[in-house]
Amino acid sequence: MTRTLSMDQPDDRNRLDAMVQGVIGKPLDRLDGPAKVTGSALYAAEYAIDNCAEGVLVTATIAKGEVTAIDEASVLNMPGVIAVISNDRMTARAAQGGAGESPVRKVRQVAYRGQPIALVVAETFEQAREAAKRLQITYREDDDAVIDQHARALPTETSGEPTIQGNLDRAISEAAHAVDVTYTTECHNSAPMEPHASIAQWDGTTLTVHASLQMLKYNVKELADSMGLAPENVRLLSPYVGGGFGSKLGISADVAAASVAAIELGRPVRVVLSRQQVFQSVMRRSETTQRLRLAADSEGRLTGFGHEGRVSNLPGESFAEPVTQASEYLYPGENRTLRIDVARLNLLTAGSVRAPGEAVGMQALEGAMDELAVIIGIDPVELRLRNIPDRHPAKDIPYSSRPLAECLKTGAERFGWDVGPRRPCHTREGEWWIGTGMATATRVHNLNEAEARVTLYPDGTAAVASDMTDIGTGTYTILGQIAAEMLGLDIKDVLVRLGDSSFPPGSGSGGSWGAPSTGSAVFLACEGIRERLAKRLDCTDEELTLKDGFATVRGQSIALPDLLKGDEIEEVGHFKDGAISDSFSSAMYGAFFTEVAVNAYSGEVRVRRFTGAFVCGRVLNEKTAISQCMGGMVWGIGSALTEENIFDKRHGHIVNPDLAEYHIPVSLDVPHLDVVLVDERDPAASPLQAKGVGELGICGAAGAIGNAIHDACGVRLRSFPFTPDKII
Ligand code: MOS
């Protein structure tokens, strides 16, 4: 049976708190941990499949123009080469399905350098790679490619509807204190540890693909569309995903190319993107230019709030980095202007990278807030505390919860925040200037439709199944914990199976919605099972206690196998995001506090201490939640100090397309990260009272570091990343 709940109103039942197994929230180790660290967990490219051919992608070497010829003969007689699958033939397939946005673009038109053009298939990977290098492609190159993302004048379009209230210009000119500053951020790459990879198999009817993907229910549709197949004839398998960070939300070129090749050749084909191809051909986070205008009265209360961003994407792409997403609800100011313009560039597709919007939007906003605190001459924490609105400033709806003040106070106390106005250049240790900075964290709470199946077996063990993915976040573990708590089982007696599109469609992993959405589906299925158990015992669900494999009613206990009498109980939970998102503004909150040292001679910045206090509703697993926050803070260090994809201004080529040159923080760049979770129940968030947490730790983190640099040495930087050359 299926139990459905649409999140139309707050769910105050607080069912999980009434359970007694005591496993929810516990800092359990990840259930998938041993398989991953021993190497028995297979990733997409690692399946040993008989007769598997190897494909290597060939990508465009011009930024704009047309492929006029692909000389297949130039490689077909090379050793081991089986076929050249050109974009034309992939095109024919994609057109049949009428796909909206196939990642293998449908025409021979080249829109960016790095765009997949063809696939060379050979018996071995080395043979395919060599032939791919030698494949002769002729282009007609256009001379009007737009590749300088920093050019002042670029063709732009406005994304969505700007928010305009009152008169911001007047508020700024009449304000007791105002800032009008422009911050910039550079392109980022998700750079997941596991590159995008696929093995496609075709049996004449069904296409089965081992791939590394975040959102199987959508990915099945995308692939079916691209191949001209019915979705029921496509099966995707992603039981283990080595990181995604948004780059695996949609199918990448390897999935489509391997599938076309497998269908055409009638044998399995594997395609693994090189690290350079992950950088050049999958997607990027857009660079941003963000103008922040803040007007405050003499007490530091915001009267005007402006956040206007320019981001970029390829012509025709619908995504625009939503840098103003948090600015919509975070701070007050009756005079508001929020807008996003998208420049059209011939650079790799821009898409969702961890915390699209807030990740870079908050680092700019929190820098501007720090500047305002300096101008007013008040403590930056105090400035935030004075600007916590009671209701959503534009929509005039209530917040489902608004624990920002608690995060600010908890974080400040834990860190030992030196209260008062900042006094730059106050502390010097040898050649190092020392300073502290803080920032607010916030990320919108998203939900997504999800189904999960829970089966209680006659022996009293249970299984959870959903096409939900675990991209390294701890999904296997928290879904197991929810089922174990609801059914009164030891976590060892719950088997969680994920990442197979033949299982009920979960929410997928994205937008931090996985835990509250698929978690709620598991919860609903367990409620259905509890009801059926209660019926067998002639009691209500509320009277039924399930613990350690026993059901207890009115003082009488019975072991589950005795109660089940050989029967198996199966339920599907179906959770939907309902009307609640229109009646409440719901978000996760937090606060960052950091201490940095800035070298007076080299401009090198060392992050010496970093504290984050976060609220994400009910914590489902303290360890995995804290790990997510830490991961976000590490991204924050990278965003603040080192991460940027640099494009060659003449050819649109990424100059640093690998992890040797695209600098993410390594162990020595990261100090002890101190994360504290402030407990909360948010009944409007989900029936679990839980929200997401995966993206929260990055949202604003880089801003805190920039603010600490200013406090240390008096240099105000607005162009991320803050590399030594900009500080000196
Ligand atoms: Mo996330 S960038 O929505 O996977």
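A quick note: this is a predicted structure, and the numbers were derived from the prediction, not measured. Counting restarts for each chain, with residues numbered from 1 along the sequence as it is written. In keeping with the predicted nature of the model, local features appear solely for residues at pLDDT of at least 70, side-chain atom pairs appear and are counted solely at 80 or more, and the whole-chain, interface and lining totals rest on all residues.

(A) Up close: the sheet that holds strand β1 (residues 2-7). DSSP-based pairing: two strands are paired if at least 2 bridges between them are found. Starting at the N terminus, helices and strands are each numbered in turn, a helix being any DSSP run of H or I of at least four residues and a strand any DSSP run of E of at least two. The mixed open sheet is built from 5 strands, whose spatial order is β1-β26-β20-β21-β22. The sheet is open, and its two borders are formed by β1 and β22 (494-497), each paired with just one other strand. Adjacent strand axes in the sheet meet at a mean angle of 15 degrees when their direction is disregarded. Here 6 bridges tie β1 to strand β26 (residues 569-577), and the two strands are oriented parallel to one another. Counterpart to R3 in the pairing with β26 is G573. Here the contact rule is simple: place C-beta atoms from the backbone, and any two residues whose C-beta atoms are within 7 Å are in contact. Between N-to-C directions, angles cover 0 to 180 degrees, with each direction set by a line fitted to C-alpha atoms, over the stretch in contact for helices. Along the sheet face, helix α14 (residues 514-536) touches β1, β20 (450-456), β21 (462-465) and β26 and points at about 140 degrees away from the line of β26.

(B) Quick peek at the nonpolar core. Formed by 217 residues in total, the largest nonpolar core has its most connected members in V120, A483, V522 and F614. Top contributing element to this core by residue count: helix α10 (residues 358-376), with 11 residues. Other than its neighbours up to four places away in sequence, F614 contacts C407, A441, M588, G590, C629, L677, V678, V693, L696 and G697. Joining buried Ala, Val, Leu, Ile, Met, Phe, Trp, Tyr and Cys residues through C-beta atoms within 7 Å gives a set, and that set is a nonpolar core. We call a residue exposed when 12 or fewer other C-beta atoms sit within 10 Å of its C-beta, buried when the count reaches 20 or more, and partly exposed for counts in between; the C-beta positions come from the backbone.

(C) Region of interest: unusual backbone geometry. The linkage connecting F720 with the following residue, P721, adopts the cis geometry, with an omega of -5 degrees. Notably, S512 is not glycine yet its phi reads approximately 60 degrees, a positive angle. One can find S512 in the loop between β22 and α14. You can call S512 buried: it has 25 C-beta atoms within 10 Å. In this structure, D548 takes a positive phi of about 50 degrees despite not being glycine. Mapping D548 onto the fold places it in the loop between β23 (545-547) and β24 (550-553).

(D) Structural detail: the domain arrangement of the protein. Marked domain ranges trace back to an automatic or database domain assignment. Structurally, the protein comprises domain 1 (2-42 + 447-582), domain 2 (44-144 + 194-282) and domain 3 (288-446 + 583-727). If you average the C-alpha positions of domain 1 and of domain 3, the two centres end up 34 Å apart. For the side of domain 1 that touches domain 3, the secondary-structure elements that each account for two or more residues are β1, α1 (15-18), α13 (475-487), α14 and α16 (580-583). Sort the elements by how many residues they give to the side of domain 1 that touches domain 3 and α14 lands first, with 5 residues. Three classes are used: nonpolar for Ala, Val, Leu, Ile, Met, Phe, Trp, Tyr, Cys and Pro, charged for Asp, Glu, Lys and Arg, and polar for all others, with Gly counted as polar. Partitioning the side of domain 1 that touches domain 3 into residue classes produces 16 nonpolar, 11 polar and 6 charged.

(E) Representation of the environment of D297 within the structure. As for its placement among the helices and strands, D297 is situated in the loop between β15 (288-296) and β16 (302-313). Along the primary structure D297 and I376 are separated by 79 residues, whereas in three dimensions their C-alpha atoms are 9.4 Å apart. Not counting chain neighbours up to four residues away, the residues in contact with D297 comprise A176 and T303.

(F) View of the sheet that holds strand β11 (residues 197-202). Taken in spatial order, the 7 strands make up an open sheet running β4-β6-β2-β14-β11-β12-β13, and their pairing is mixed. Strand pairing shows two members of the sheet lacking a second neighbour, β4 (81-86) and β13 (234-237), which therefore form its edges. The sheet shows a mean angle of 20 degrees between the axes of neighbouring strands, direction not considered. One ladder, built from 4 bridges, connects strand β12 (residues 207-211) with β13; its direction is parallel. Opposite H210, over in β13, you have L237 as the bridge partner.

(G) Representation of helix α17 (residues 622-641) within the structure. In this analysis, the expected span of each helix is defined as 1.5 Å times one less than the number of residues it contains. Helix length check: α17 (20 residues) gives 29 Å between terminal C-alpha atoms against 28 Å at 1.5 Å per residue, within 8%. Burial runs high along α17: 17 of the 20 residues are buried.

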